[in-house]
Amino acid sequence: MATQWLQLRAGKSAWLQIKEQGLSERDIQLLVGASGGPKWFVLQGLDRYLFGEFFAQREGHLDLLGTSAGAWRFAALGQRDPVAASELFARLYSTQTYSEKPDVREITDEARKLLAEYIPDHAVEDILSQDRFRHHWIVVRCRGLTAAEGKRQMVGLLASAAANTVKRKWLGKFYERVIFHHPASAATFTEHWQDLPTRFAALSRDNFKQALLATGSIPMVLEGVRDIPGAPAGVYRDGGVTDYHFDLDFSGVNGLVLYPHFHQEVIPGWFDKGLKKRRTTGALWPNVILLTPTQEFIDALPYQKIPDRNDFANMAADDRIKYWQQAVDQGRRMADQLHEWIATDRIRDHIELWS
């Protein structure tokens, strides 16, 4: 029996639809990408397939929702060659190197260099002038001490983490969710998002790169991005603070939601990682299809784990770069399996009910 590298789980309405009809790209209205730093390397093969084949002949528009690494991944869509752009991002990210003890400034400078090469000015023009792929990035606008840098920021983070432990909605006292969206999008699928204070800002040539940098600006790791044009004044940081793997109401999506994810669990916010009772499930997301690596896939990786940011500190640069490239290469097993299941209609046999 062939090894199963990919697990497909779906909320009830998505599960019933696939059982009855299979899966077509026309069924998908929203593509979702989570925060997670280098964990995304195992998904790059799926991105290649989705960007280069599955959605290649898309006629209607496709909404994209991303935070941090998810937003950066999806920035390949709308470029002239999205597969080449995705591969460039993987290469630039995986081969980043730093001094022995990099500070916030060094890491921020390297992120800016990567962004300039991955998203040149002509790519911004291409993305904003097309309407098939409509980007939506979540960024947080910081309040109080969370807008500071250094030790004062840490005080704000600790206070917001404590508030979140009591009630997730109390994060709104420290952060405001700002959704930067494609100028052609009215972001109607967000109409039921009332869990946290939320604002909207249209992406433009003036703010595109700053907004993308901001959604990946991890607190205490990168500098915050200040005063993004077209958005309220303030300091902006990683959207994963409020929406790490998402716990949002997707009932406003007129179709299915496709969510390639690197983790078996869906953790709502950055501070919820240690709160085991806070997990999003298919019972809350009836129209979502979750694609994740199986344990067999993870066991076949070097070190039997998915890449993460700790690899920067725990591994020599050459070993880390080699390992991350192996994770990218092996991720294509999941893509090949998904392609086969869709092409042969065997996806009906492999979709599981996610409850």
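Computed from a prediction, not measured in an experiment: that's the story for all the values here.

A. Quick peek at the pairing of strand 4 (residues 133-142). Most of strand 4 sits out of view: 10 of its 10 residues are buried. Of the pairings in the sheet, the one linking strand 3 (residues 62-66) to strand 4 comprises five bridges and is parallel in character. Looking at strand 4, one finds that G66 is bridged to W137. Here strand 4 runs beside strand 5 (residues 175-181); their pairing, made up of seven bridges, is antiparallel.

B. Looking closely at the nonpolar core. With 101 residues, the main nonpolar core has L31, Y118, F250 and I289 as its most contacted residues. In terms of residue count, the dominant contributor to this core is helix 11 (residues 317-344) (nine residues). Grouped together as the second largest cluster of nonpolar side chains are 10 residues, C142, L157, L171 and F271 included.

C. Quick peek at the environment of Y49. When you line up the elements, Y49 lands in helix 2 (residues 44-54). Looking at Y49, the relative accessible area reads 6%, which means it is buried. As a C-alpha pair, Y49 and D336 span 287 residues in sequence and 8.2 Å in three-dimensional space. Leaving out residues up to four positions away in the same chain, Y49 has contacts with F54, A335, L338, H339 and I342.

D. Representation of helix 8 (residues 208-215). Counting buried residues in helix 8 gives six out of eight residues, a clear majority hidden from the surface. Those residues of helix 8 that sit buried are F208, A211, L212, L213, A214 and T215.

E. Expanded view of the environment of T281. Mapped onto the secondary structure, T281 falls in the loop between strand 9 (256-260) and strand 10 (288-293). On a C-alpha basis, the gap between T281 and L6 in space is 18 Å, while along the polypeptide they are 275 residues apart. Every residue in contact with T281, bar those within four places of it in the chain, is listed here: W354 and S355.

F. Molecular detail of the packing of helix 5 (residues 104-118) against helix 8. Following both chains from N to C, one finds helix 5 and helix 8 inclined at 130°, their axes separated by 11 Å at the closest point. With respect to helix 8, the element helix 5 is oriented oblique. Helix 8 is crossed by helix 5, and the crossing has right-handed handedness. Contact residues: helix 5 offers A111, R112 and L115, while helix 8 offers K209, L212 and L213. Residue composition of the contact of helix 5 with helix 8, grouped by class: four nonpolar, no polar and two charged.

G. Region of interest: the packing of aromatic side chains. All chains considered together, the criterion is met by 25 aromatic pairs. Measuring from centroid to centroid gives 6.0 Å for Y49 and F54, while their planes differ by 40°, and the two rings are tilted. The same class applies to Y49 as to F54, namely buried. Note on Y98 and F312: the rings are 5.4 Å apart at their centroids and 70° apart in plane angle, and the pair reads as edge-to-face. Of the two residues, Y98 is situated in the loop between helix 4 (82-94) and helix 5 and F312 in helix 10 (residues 310-314); the sequence distance between them amounts to 214 residues. Residue Y98 is classed as partly exposed on the basis of its relative accessible area of 24%. The structure contains a cluster of three or more aromatic residues connected by ring pairs, namely W40, F41, W72, F89, Y93, Y98, Y118, F312 and W324. Positioned above the aromatic ring of W324 is the side chain of R320, whose terminal nitrogen or guanidinium carbon lies 4.8 Å from the ring centre. The positively charged end of R333 is found above the aromatic ring belonging to W5, 4.3 Å away from the centroid.

H. Local environment of the side chain of R177. As for its position among the elements, R177 is in strand 5. Here R177 falls in the buried class, since its relative accessible area comes to 0%. A polar side-chain atom of R177 sits 2.9 Å from a polar atom in the side chain of D243.

I. Spotlight on the packing of helix 2 against helix 4. At a minimum axis distance of 9 Å, the contact between helix 2 and helix 4 shows a crossing angle of 160°. As judged from the angle between their axes, helix 2 and helix 4 are roughly antiparallel. Both helix 2 and helix 4 take part in a crossing whose hand is right-handed. Contacts from Q44, D47, R48, F51 and G52 in helix 2 reach P82, V83, S86, E87 and A90 in helix 4.

J. Spatial organisation of the environment of A111. Here A111 shows up in helix 5. Overall, A111 belongs to the buried group, its relative accessible area being 12%. Along the sequence, A111 and I267 sit 156 residues apart, while their C-alpha atoms lie 25 Å from each other. In this structure A111 touches W72, Q96, L213 and L222, once residues within four positions along its chain are discounted.

K. Geometry of the pattern of salt bridges. All told, the structure shown has 24 salt bridges when counted by the stated rule. We note a salt bridge from R80 to D126, for which the minimum N-O separation is 2.6 Å. Pair noted here: R80 is in the loop between helix 3 (69-74) and helix 4 and D126 is in helix 6 (residues 121-129), with a separation of 46 residues, a long-range link. Among the residues examined, R80 registers a relative accessible area of 65% and is labelled exposed. Its relative accessible area of 18% is what places D126 among the buried residues. For D243, the salt bridge is made with R168, and the minimal N-O distance between the two is 3.8 Å. Taken together, the residues D243 in the loop between strand 8 (235-238) and strand 9 and R168 in the loop between helix 7 (151-166) and strand 5 connect sequence positions 75 residues apart. A relative accessible area of 13% means that R168 is categorised as buried. A single salt-bridge network, built from bridges that share partners, covers R168, R177, D195, D243, D272 and R278.

About the criteria used
- Residues numbered from 1 in each chain as written.
- Predicted model: local features only at pLDDT ≥ 70, side-chain atom pairs only at ≥ 80, totals over all residues.
- Heavy atoms only, no water.
- Buried < 20%, exposed > 50% of the residue type's maximum accessible area, 1.4 Å probe, protein only.
- Helix = DSSP H or I, 4+ residues; strand = E, 2+ residues; numbered from the N terminus.
- Pairing = 2+ DSSP bridges.
- Core = buried A, V, L, I, M, F, W, Y, C linked by side-chain atoms within 4.5 Å.
- Contact = heavy atoms within 4.5 Å.
- Axes fitted to C-alpha atoms, helices over the stretch in contact; angles between N-to-C directions.
- Parallel < 35°, antiparallel > 145°, perpendicular 65-115°, else oblique.
- Left-handed = near helix turned anticlockwise from the far one by under 90°.
- Nonpolar A, V, L, I, M, F, W, Y, C, P; charged D, E, K, R; others polar.
- Phe/Tyr/Trp six-rings, centres within 6.5 Å; stacked < 30°, edge-to-face > 60°.
- Lys NZ or Arg CZ within 6 Å of the ring centre and 35° of its normal.
- Polar contact = N/O pair within 3.5 Å; in protein donor to acceptor, adjacent residues only side chain to side chain.
- Salt bridge = Lys/Arg side-chain N within 4 Å of Asp/Glu carboxyl O.

Read these as geometric descriptors, not functional statements.
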